[in-house]
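# Fold and geometry: a report
Residue strings, one per chain:
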Amino acid sequence: MTGKPILEVKGLHKRFGDHHVLKGIDFTVEPGERVAIIGGSGSGKSTFLRCMNFMETLSEGEIWLDGTRIGVEKKGTVTYPEKQLCQVRERLGMVFQQFNLFPHMSVLNNVMEGLVTVQGKSKPEARRIAEAELAKVGLSEKHDAWPGRLSGGQQQRVAIARALSMQPEILLFDEPTSSLDPELVGEVLRVIKQLAEEGRTMLLVTHELGFAYHFATKVIFLAEGVFHEVGTPDEILKHPKQARTQDFLRRFGEFAF
Amino acid sequence: MDYSWDFGPVLERFDMLALGLLNTVKIAAVSIVLGVLVGLVLAMMRLSTRKWLNIPSLVFIEFYRNTPPIVHFFWFFYALPVMLAVSLDPYVAAVLALSTQSGAFYAEVFRGGIVSIERGQWEGGRALGMTHSALMRRVIVPQAIARMVPPFIERSFELLKTTALASTLAYADLLYQAMMVNAETFRPLEVYTTIALMYLVLLVTASQFARLAEARLTAYQ
Ligand SMILES: Nc1ncnc2c1ncn2[C@@H]1O[C@H](COP(=O)(O)OP(=O)(O)O)[C@@H](O)[C@H]1O
Ligand SMILES: [Mg+2]
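Cut-offs used in this document
Residues numbered from 1 in each chain as written. Chains lettered and ligands numbered in written order. Predicted model: local features only at pLDDT ≥ 70, side-chain atom pairs only at ≥ 80, totals over all residues. Heavy atoms only, no water. Helix = DSSP H or I, 4+ residues; strand = E, 2+ residues; numbered from the N terminus. Buried < 20%, exposed > 50% of the residue type's maximum accessible area, 1.4 Å probe, protein only. Contact = heavy atoms within 4.5 Å. Pairing = 2+ DSSP bridges. Near = heavy atom within 4 Å. Polar contact = N/O pair within 3.5 Å; in protein donor to acceptor, adjacent residues only side chain to side chain. UniProt positions renumbered as here; feature names shortened; annotations may be inferred. pLDDT = per-residue confidence, 0-100. Patch = residues over 30% accessible without salt bridge, like charges linked within 9 Å, V, L, I, M, F, W, Y side chains within 5 Å. Areas by Shrake-Rupley, 256 points an atom, 1.4 Å probe, with all protein chains shown as cover. Salt bridge = Lys/Arg side-chain N within 4 Å of Asp/Glu carboxyl O. Phe/Tyr/Trp six-rings, centres within 6.5 Å; stacked < 30°, edge-to-face > 60°. Lys NZ or Arg CZ within 6 Å of the ring centre and 35° of its normal. Axes fitted to C-alpha atoms, helices over the stretch in contact; angles between N-to-C directions. Nonpolar A, V, L, I, M, F, W, Y, C, P; charged D, E, K, R; others polar. Expected span 1.5 Å × (residues − 1). Bend = angle between axes of the 7 residues up to and from the residue. Core = buried A, V, L, I, M, F, W, Y, C linked by side-chain atoms within 4.5 Å.

Right, let's get into the overall build of chain B. Secondary structure summary: chain B contains nine helices and zero strands in total. Each helix and strand of chain B, ordered N terminal to C terminal, gives the series α-α-α-α-α-α-α-α-α. By its C-alpha atoms, chain B is 75 × 45 × 30 Å across when sized along the principal axes. Going through the 221 residues of chain B one by one, you find that 44% of them count as buried. The contacts in chain B between residues at least 6 apart in sequence include a share of 74% that link residues at least 24 apart.

Structural data, given as structure tokens:
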């Protein structure tokens, strides 16, 4: 790839007390890249993703977005003003394993919420955008439903529409299908695939290795707090060089490509 | 028991009891409103990570939790005036006692509601780029209110019953008026039975309204 990176991570460390989870990560993402992050449970995949939009504070390291360092440096210490973090989060849409929809708002209002409250759009305009996003994920019929009444797959599609409504430059997915019943996984993966076809920049933490193979332009195997092995889907998922990666993939058994 | 019931003399003075009931409702309503304000301030202090806000609030709440309500009434009526060198009207002293008591308990209700909201809700809002205050206003508080309603109603009923202690300061609430009627009629059985029924009707009526409010606020659940 030759483009200018949209996201750069330099020397990222994350500790929870004495627990050193991320141990020095350097990473760049170029526009249009789709990165799948795989690794054992508890290896720090979520933590890594959550550091990107500052849902976790960084213990060390820098994050650059579109050539600008996030944070304000003053006399050697870096602070992260709320206003700046809010802007960063607006630019990086996030989709969670547990959807995290707002249960007290209708589906439509969930998608309108950020547009109105964060972006200050008028209600009619927000409504137009929200309706378009919901149509895209195939949920036009569910505008007025309470999220709690929807299936997991539908809820996750609403969550994707909510993230998309903000026109994010990068989308972060943290195991978006892991809490779904198997028969609902497909409908969510189809939406993500559609986003890939649009050329969106995405980071996806997943255990759906078959999906990752077709989806990703780059696969990262995270272990021991570092990017243990990085490469194309073919390099990592079919011909891994590192013993640890091979071991991880073996434990997942055969997966259909 | 060959007691012959006679509500006549009591009912003749029903206007006195009605006034008492009105005063009871009045002092309860004022104390609930003020108690909510006290509770909001205390809850915000408790939710703060700053020790100088957190600890005083905790002390205040624990003080009220671990002392008998009647002591608060006596303190505001007999002790505070000594400190301020002014005398307090029974009504004012009783309102102070009731609203600080209920404030201490409401604070825990409010705080409990806020902390009961799952982490995912904070994250869902934050990931959209919402500021802390927008998140509170749009996501956390509306859901917390729904959860606060049942314990809030419970505390308010406690307060309504505790208003009877204001009679010890000679505030003309329902119980105090009953004592007056009793002094005139010497019919304690009829008098206190009557006001027990009046309290009962008041509380049952209030709980019907409370149930309506609860149903509206928790419709999405
Ligand atoms: N808020 C937290 N406080 C303390 N430890 C945490 C916290 N979040 C995650 N961890 C720990 O960090 C490690 C990595 O967690 P996580 O990023 O969720 O792993 P993964 O997503 O790969 O399963 C785990 O050992 C987890 O227990
Ligand atoms: Mg995880």
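Residue and element names in this part refer to chain A. For strand β3 (residues 34-38), the buried fraction is high: five of the five residues fall into the buried class. Alternating positions in β3 separate into two faces, R34, A36 and I38 on one and V35 and I37 on the other, with burial throughout. Bridging between β3 and strand β10 (residues 201-205) involves four bridges; their strand directions are parallel. When the bridges of β10 are listed, R34 appears paired with M202. Sheet topology places β3 next to strand β11 (residues 218-223); four bridges connect them, and they run parallel. Bridge pairing in β11 links A36 to V219.

Time to look at the site of ligand 1. Residue and element names in this part refer to chain A. Lining the immediate environment of ligand 1, one finds F16, H19, V21, G40, S41, G42, S43, G44, K45, S46 and T47. One nitrogen or oxygen atom from the side chain of H19 is found 3.0 Å from an oxygen atom belonging to ligand 1. Contacts to ligand 1 include G42, whose backbone N or O atom sits 2.7 Å from an oxygen atom. Looking at the shell around ligand 1, the elements that each hand over two or more residues are β2 (19-29) and α1 (45-52). Among the elements that make up the shell around ligand 1, the one with the highest residue count is α1 (three residues).

A few words on the UniProt feature "transmembrane region" (unreviewed entry) in chain B. Per the UniProt record, "transmembrane region" (unreviewed entry) is found at residues 20-43, 73-98 and 191-213 of chain B. The span residues 191-213 of chain B is 100% helical and 0% strand by assignment, and the distance between its end C-alpha atoms comes to 33 Å.

Below, the discussion takes up the confidence of the model for chain B. Residue and element names in this part refer to chain B. Counting all residues, the mean pLDDT for chain B is 94, and 99% of those residues have values of 70 or more. Mean pLDDT across the elements of chain B ranges from a minimum in helix α1 (residues 8-12), with 90, to a maximum in helix α6 (residues 119-127), with 97. The complex model carries a pTM of 0.87, and its ipTM stands at 0.93.

On the surface, V33(B), L34(B), L37(B), L40(B) and M44(B) cluster together into a nonpolar patch covering about 460 Å² of accessible area. Mapped onto the elements of the fold, M44(B) is located in helix α2 (residues 14-47).

Following the criterion strictly, the structure yields 17 aromatic pairs over all chains and no others. Seen from their ring centres, F27(A) and F48(A) are 5.4 Å apart, and the 70° between their planes marks the pair as edge-to-face. Residue F27(A) is found in strand β2, and its partner F48(A) is found in helix α1; the two are separated by 21 residues along the sequence. Aromatic side chains F63(B) and Y64(B) sit 5.4 Å apart centroid to centroid with 85° between the ring planes, which places their arrangement in the edge-to-face category. F63(B) sits in the partly exposed class, given a relative accessible area of 45%. What links up through ring pairs into an aromatic cluster is the set F27(A), F48(A) and F227(A). The ring of F102(A) has R162(A) lying over it, and the distance from NZ or CZ to the ring centre is 4.6 Å.

Our next topic: unusual backbone geometry. Here Q167(A), not a glycine, exhibits a phi torsion of approximately 55°, which is positive. Here Q167(A) falls in the exposed class, since its relative accessible area comes to 53%. You will see that A170(B), though not glycine, has its phi angle at about 65°, which is positive. Relative to the elements of secondary structure, A170(B) occurs in the loop between α7 (132-162) and α8 (174-185). A170(B) gets classed as partly exposed once you look at its relative accessible area, which sits at 42%.

Attention now moves to the sheet that holds β3(A). Residues and elements named next belong to chain A. Pairing is mixed in the open sheet, where six strands are placed in the order β8-β9-β10-β3-β11-β12. Each of the sheet's edge strands pairs with one partner strand only, and the pair in question is β8 (92-95) and β12 (226-231). Ignoring strand direction, the axes of neighbouring strands in this sheet form an average angle of 20°. Strand direction decides the pairing type here: strand β9 (residues 170-174) and β10, joined by five bridges, are parallel. Across the sheet, residue F173 finds its bridge partner in β10, namely L204. Contacts between helix α2 (residues 82-91) and the sheet are confined to β8 and β9, with β8 contributing the most and set at about 70° to the helix.

Turning our attention to the interface of chain B and chain A. Counting residues at the interface gives 22 residues for chain B and 24 residues for chain A. Linking chain B with chain A are two salt bridges, by the criterion used here. Ionic pairing is found between R50(A) and E123(B), a salt bridge with its closest N-O pair at 2.7 Å. Looking at the side of chain B that touches chain A element by element, the count peaks at eight residues for α6(B). In terms of residue class, the side of chain B that touches chain A is made up of eight nonpolar, nine polar and five charged.

A few words now on the UniProt feature "domain: ABC transmembrane type-1" (unreviewed entry) in chain B. Mapped onto this numbering, the UniProt entry gives "domain: ABC transmembrane type-1" (unreviewed entry) at residues 21-210 of chain B. Secondary structure across residues 21-210 of chain B divides into 84% helix and 0% strand, with the first and last C-alpha atoms of the span separated by 19 Å.

Attention now moves to α7(B). Across its 31 residues, α7(B) extends only 38 Å between first and last C-alpha, which sits more than 12% below the 45 Å expected from 1.5 Å per residue. Taking the largest bend as the criterion, α7(B) deviates by roughly 45°, centred on M148(B), and proline P150(B) comes between one and four positions later.

Attention now moves to the nonpolar core. All names here are of chain A. I38, L134, I160, F173 and I192 are the most contacted members of the largest nonpolar core, which has 97 residues in total. In this structure, I192 is in contact with I160, F173, P176, M202, F211 and F215, ignoring residues within four places of it in sequence. V35, L58, L65 and L203 belong to the second largest nonpolar core, which has 34 residues in total.

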